[in-house]
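# Structural description and commentary
Each chain is listed here by its residues.
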Amino acid sequence: MLDEQLVQRIKAGDNAAFTTLIENNQGKVYSVAYGLVRNSEDAMDISQETFLRAWDKIATWRGEASLSTWLCRIASNLSLDMLRKQKRVVLVREIVFAPGEVQRGPDADILSAEQKAELENAVAQLPEEYRHLVILRHAGAMSYRDMATTLGLSLSQVKNRLLRARQMLKRSLTGRVD
Amino acid sequence: MATCKHYQEQIELDLDGELSASLRTELASHLAVCPQCSEYRAEALIFRRTLATGLQLLPPRDIVEPVLAKIKKRRAWRRVGFTAILLLPFLCINMLSAQKVAQIILSLNFGALPTLLSSIWRSVTVLFRSWIRIAEILPEEYWLGLSALALFNLAMVLKLYAPKRVRGGKAH
């Protein structure tokens, strides 16, 4: 179903349409929230709040970005707000997930468990501003413009930092990712 | 002349969907003749797939049910607020009607009986319709509170407009 049709149905009070919206986007929204706040419970709260905000503000969606991008933008804003409030210092050892804490997406089996852990560690060790960009781009599929708006950066800063972040990740993972 | 490093940056932009059409054409021409950059592009694609699959997670619990439950609650509260605002004028009308009824009863002017009946009828129907409307849209849990509010309202109106008694039990 097209985003426009889905929004029209939600505006008309169709609960099934809103359920579809959640089901289609919960993985992406949760991934962005988890990638930024690094805590499963906080990420769940943010994911729920994201969809509640979406329900509240669905009339403001103008179709300039896809619904999933719009939702990821809400999730990332909520996550960054939470980080600002908590001023949380994330220790590297917190990034190594407890077994069973995190469920991967359907395609995640392409990577071995070892590769996943190494990737997580490599992402976790990036400087915060680089890590946020990697999460927003690769977990949230956000555009440069959306990332720039969300993080308060210029387009060239986004471009350069993302390039550098990926170079750092590649260096960190050299010989580990095929 | 642009170097391979320049084109490799463009490859990154292209894979992110951020390269303009004209630069894409230029990049494609370069890739056609540069095996090193073609290899870089292939590796970059694999790296992106690795990142996307490694960073995509599923929520540990269901999100749909709690979100829908919260939405239901929010809707109910909004209806309560909306209904309360709608009811305010009706409550005012009720009070005015009750005032009129009380005045007529106190004056015992039977010539005004049609006005009296009309006032009572209007008051009762407005109240009845309002509460039927509330019954349709409100979930059960708010009913007790609203019923208590209605009884309180009724009691206040009765107390306000009941004939005042002096010692000896005679009404004014």
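Here the structure is a predicted model, which means the values were calculated and not measured. Starting from 1, residues in each chain are numbered consecutively following that chain's sequence as written. Whichever chain is written first becomes A and whichever ligand is written first becomes 1, with later ones labelled in order. Where local features are concerned, this predicted model is filtered to residues with pLDDT of at least 70; where side-chain atom pairs are given and counted, the filter is 80 or more; whole-chain, interface and lining totals use all residues. Water and hydrogen atoms were dropped before computing side-chain values, which therefore reflect all heavy atoms in the structure.

## Things to note about the interface of chain A and chain B
- Residue contacts are defined here by distance: any two heavy atoms, one from each residue, within 4.5 Å place the two residues in contact. Chain A puts 50 residues into the contact, and the matching count from chain B is 33 residues.
- Two parts placed together each lose some accessible area under a 1.4 Å probe, and the buried area is that loss summed for both. Of the roughly 4100 Å² buried where chain A meets chain B, counting both sides, 64% is carbon and sulfur surface.
- Salt bridge, as used here: a side-chain nitrogen of Lys or Arg that lies within 4 Å of a carboxyl oxygen of Asp or Glu. Along the contact surface separating chain A from chain B lie six salt bridges.
- Residues E41(A) and R61(B) are paired through a salt bridge, measuring 3.0 Å at the closest nitrogen-oxygen approach.
- Any pair of nitrogen or oxygen atoms within 3.5 Å is treated as a polar contact; in protein, a donor-acceptor pairing is required on top of that, and neighbouring residues in sequence qualify only through side-chain atoms on both sides. Where chain A packs against chain B, one counts twelve residue pairs in polar contact (both at pLDDT 80 or more).
- Strands are runs of DSSP state E lasting at least two residues, helices are runs of H or I lasting at least four, and both sets are numbered from the N terminus onward. Elements represented by at least two residues in the side of chain A that touches chain B include exactly α2 (15-37), α3 (40-57), β1 (103-104), α6 (113-124), α7 (128-138) and α9 (155-173) of chain A.

## Notes on the packing of α7(A) against helix α3 (residues 35-55) of chain B
- For the pair α7(A) and α3(B), interaxial distance at closest approach is 9 Å and the crossing angle is 90°. Considering their axes alone, α7(A) and α3(B) lie roughly perpendicular with respect to each other. Along its contact with α7(A), which presents V134(A), I135(A) and H138(A), the element α3(B) presents R48(B), L51(B), A52(B) and L55(B). Axes, fitted as lines to C-alpha atoms, cover a helix only where it is in contact. Angles between the N-to-C directions of the axes lie from 0 to 180 degrees. Angles below 35 degrees are treated as roughly parallel, those above 145 as roughly antiparallel, those between 65 and 115 as roughly perpendicular, and all remaining angles as oblique.

## Quick notes on the pattern of salt bridges
- Counted according to the given criterion, the structure contains 14 salt bridges over all chains.
- Here D16(B) and R48(B) are joined by a salt bridge, their closest N and O atoms 2.4 Å apart. One end of the pair, D16(B), is in the loop between α1 (4-15) and α2 (21-33); the other, R48(B), is in helix α3, with 32 residues separating them in the sequence. Take D16(B) and R48(B): they sit in the same class, and that class is buried.
- Three or more residues joined by partner-sharing salt bridges are found here, namely R137(A), R166(A), K170(A), E12(B), D16(B) and R48(B). Any residue under 20% of the maximum accessible area for its type is buried, any over 50% is exposed, and the rest in between are partly exposed; the area is computed with a 1.4 Å probe on protein chains only.

## Some remarks on the state of the cysteines
Residue and element names in this part refer to chain B.
- A pair of cysteine sulfur atoms is labelled a disulfide when the two atoms are within 2.5 Å. All chains considered together, the criterion is met by zero disulfides over all chains.
- No disulfide involves C37; its sulfur sits 3.6 Å from that of C34, the nearest cysteine.
- Since its relative accessible area comes to 0%, C37 is described here as buried.

## A closer look at unusual backbone geometry
Residue and element names in this part refer to chain A.
- Its identity is not glycine, yet R38 carries a phi of approximately 60°, on the positive side.
- In this structure, A141 is a non-glycine residue whose phi angle is positive, near 50°.
- Relative to the helices and strands, A141 is located in the loop between α7 and α8 (144-151).
- Here A141 falls in the partly exposed class, since its relative accessible area comes to 39%.

## Here we look at the side chain of S79(A)
- When you line up the elements, S79(A) lands in helix α4 (residues 67-86).
- Leaving out residues up to four positions away in the same chain, S79(A) has contacts with A33(A), L36(A), V37(A) and I46(A).

## Brief notes about the side chain of S47(A)
- Mapped onto the elements, S47(A) comes out in helix α3.
- A distance of 2.7 Å separates a polar atom in the side chain of S47(A) from the backbone oxygen of A43(A).

## Considerations on a nonpolar patch on the surface
- Each patch is assembled from residues with relative accessible area greater than 30% and no salt bridge, linking like charges that lie within 9 Å and nonpolar side chains (Val, Leu, Ile, Met, Phe, Trp, Tyr) that lie within 5 Å. Accessible areas in this description were obtained via Shrake-Rupley with a 1.4 Å probe; residue shielding takes into account the shown protein chains only. Together, L113(B), L117(B), I120(B), V124(B), F128(B) and I132(B) line one region of the surface with nonpolar side chains, adding up to about 540 Å² of accessible area.
- Structurally, L117(B) is set in helix α5 (residues 113-137).

## Some words on the confidence of the model for chain A
All names here are of chain A.
- Per-residue confidence from the predictor is reported as pLDDT, a score between 0 and 100. Taken as a whole, chain A shows an average pLDDT of 83; of its residues, 83% reach a score of 70 or greater.
- At the low end of the mean pLDDT range in chain A sits helix α5 (residues 92-95), at 38; at the high end sits α3, at 94.
- For the stretch residues 88-102, pLDDT sits under 50, and the model shows 23 contacts to residues farther than four places along the chain or on other chains.

## Quick look at α7(A)
- Taken across its eleven residues, α7(A) has nine buried, putting it largely inside the fold.
- If you check which residues of α7(A) are buried, you get Y130(A), R131(A), H132(A), L133(A), V134(A), I135(A), L136(A), R137(A) and H138(A).

## Some thoughts on the packing of α2(A) against α4(A)
Residues and elements named next belong to chain A.
- Two numbers describe how α2 lies on α4: the axes approach to 9 Å, and their chain directions differ by 30°. Comparing the axis directions of α2 and α4 gives the class roughly parallel. Like other packed secondary-structure pairs, α2 and α4 cross with a definite hand, here right-handed. Counting all contacts with α2, which are made through L21, N25, K28, V29, V32, A33, L36 and V37, the residues of α4 involved are L67, S68, L71, C72, A75, S76, S79, M82 and L83. Handedness of a crossing is defined here by the sense of rotation of the near helix relative to the far one, left-handed for an anticlockwise turn of less than a right angle and right-handed for a clockwise turn.

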